[in-house]
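Structure at a glance
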Amino acid sequence: MVKIVTILFVMSGVDYVTGKDGQHHQTGYWVEEFVRPYLEFQKAGIKIVVATPKGVIPTPDHLSFNPSYWPSQDALEQAKKIIETAPELQKPLNLDQLTQKDWDQFDAVFYPGGHAPMEDLAKNKASGHLLRYFHQKNKPTALVCHGPVALLAAKEDGRVWPYRGYKMTVFSNSEEKQSHLAQVLTYSVEDELKRLGGIYQKAEDWNSYVVEDRELITGQNPMSSLALAQKLIGRLVPIAR
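The following refers to the structure shown.

1. Quick notes on the sheet that holds strand E1 (residues 6-10)
- The strand order across the open sheet formed by seven strands is E5-E4-E1-E6-E7-E11-E10, and the pairing between neighbours is mixed. Where the open sheet ends on each side, the last strands, each with one partner, are strand E5 (93-94) and strand E10 (210-213).
- Bridge count for strand E6 (residues 108-111) against strand E7 (residues 141-144) is three bridges, and the pairing is parallel. Within E7, the position partnered with Val109 by the bridge is Thr141.
- In the packing of helix H1 (residues 31-43) onto the sheet, contacts are made with E1, strand E4 (47-52), E6 and E7, and the angle to E1 comes to roughly 175°.

What follows is the structure, encoded as structure tokens:
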């Protein structure tokens, strides 16, 4: 009997990031970082479940619909259709109410990026508990672009960060300086991961780059989302046999 492999997508529940000016600046999840892995996992026969803080429907960053970020108009239109119709996005689970029994149903966890996770997932206690549990169980944990900011929430006061000494990547400082929110962000994800003991690695700006270290798989930027999904699938295929 073939096991049905299930991935939990943990996504931000806000549509803004608070800037240095104290104002809310519109953002959300980056569409490509949801759509490309979503399609790859579907093709591999993997079940997808979405969870957000408070169970709110996640908001896409409208900037990520800019045609210049897509290889073709057809690809963009396909992405829009997926965002509008994917049942997993319409009724997400409440991340804050999931228990260890719930976590055990998932074979892997995946965090798409966009700036929004910097606002909530960076400090969400439920997400931090989930990540620590997956770390203890050595379950595949994948995060792309700004998604690795969620790893910050896995730090417990007085304890060593679970990912200290891990090789990892994230949206780089040099790429962030080119982003539309560069002037308002209150912190750097790259710097924070380094501060906690992450061994940061990167490729040239805007090139696909994925780092694997033990259970952790991280991707540098939106261009890395496909390669990251394929790496994760490679980890999960043996589980299904």
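2. Quick notes on the side chain of Glu190
- Structurally, Glu190 can be placed in helix H7 (residues 189-196).
- A relative accessible area of 7% means that Glu190 is categorised as buried.
- A distance of 2.7 Å separates the side chain of Glu190 from the backbone nitrogen of Asn173, its partner in a polar contact.
- If we ignore the near neighbours within four places in the chain, the residues touching Glu190 are Val170, Phe171, Ser172, Asn173 and Tyr200.

3. Describing the pattern of salt bridges
- All told, the structure shown has 12 salt bridges when counted by the stated rule.
- In this structure, Glu77 engages Lys80 in a salt bridge whose closest nitrogen and oxygen atoms are separated by 3.8 Å. Of the two residues, Glu77 and Lys80 both sit in helix H2 (residues 73-85), three residues apart, roughly one turn of that helix.
- A salt bridge links Lys202 to Asp205, with the shortest nitrogen-to-oxygen separation between them at 3.3 Å.
- Judged by relative accessible area, Asp205 falls into the partly exposed class, the value being 23%.
- Taken together, the shared-partner salt bridges in this structure form one network comprising Arg132, Glu156 and Arg159.

4. A word on the nonpolar core
- Core analysis: the largest hydrophobic core is formed by 38 residues, its most contacted members being Leu8, Tyr111, Leu130, Leu151 and Tyr163.
- Among the elements that take part in this core, helix H5 (residues 125-136) stands out by supplying five residues, more than any other.
- Not counting chain neighbours up to four residues away, the residues in contact with Leu151 comprise Leu131, Leu143, Trp161, Tyr163, Met168, Leu193 and Leu216.
- Core analysis: the next-biggest nonpolar cluster, separate from the first, contains 35 residues, Tyr38, Phe110, Phe171 and Ile233 among them.

5. Digging into the pairing of E7
- Neither face of E7 is open: one carries Thr141 and Leu143, the other Ala142 and Val144, and all of them are buried.
- In this fold, E6 hands off to H5, which returns the chain to E7; that crossover is right-handed.
- Inspection of the sheet shows E7 paired to strand E11 (residues 216-219) by four bridges, in the parallel sense. Bridging from a neighbouring strand, Leu143 pairs with Thr218 of E11.

Conventions used here
- Residues numbered from 1 in each chain as written.
- Predicted model: local features only at pLDDT ≥ 70, side-chain atom pairs only at ≥ 80, totals over all residues.
- Heavy atoms only, no water.
- Pairing = 2+ DSSP bridges.
- Helix = DSSP H or I, 4+ residues; strand = E, 2+ residues; numbered from the N terminus.
- Contact = heavy atoms within 4.5 Å.
- Axes fitted to C-alpha atoms, helices over the stretch in contact; angles between N-to-C directions.
- Buried < 20%, exposed > 50% of the residue type's maximum accessible area, 1.4 Å probe, protein only.
- Polar contact = N/O pair within 3.5 Å; in protein donor to acceptor, adjacent residues only side chain to side chain.
- Salt bridge = Lys/Arg side-chain N within 4 Å of Asp/Glu carboxyl O.
- Core = buried A, V, L, I, M, F, W, Y, C linked by side-chain atoms within 4.5 Å.
- Right-handed = clockwise from strand over helix to strand, strands pointing away.

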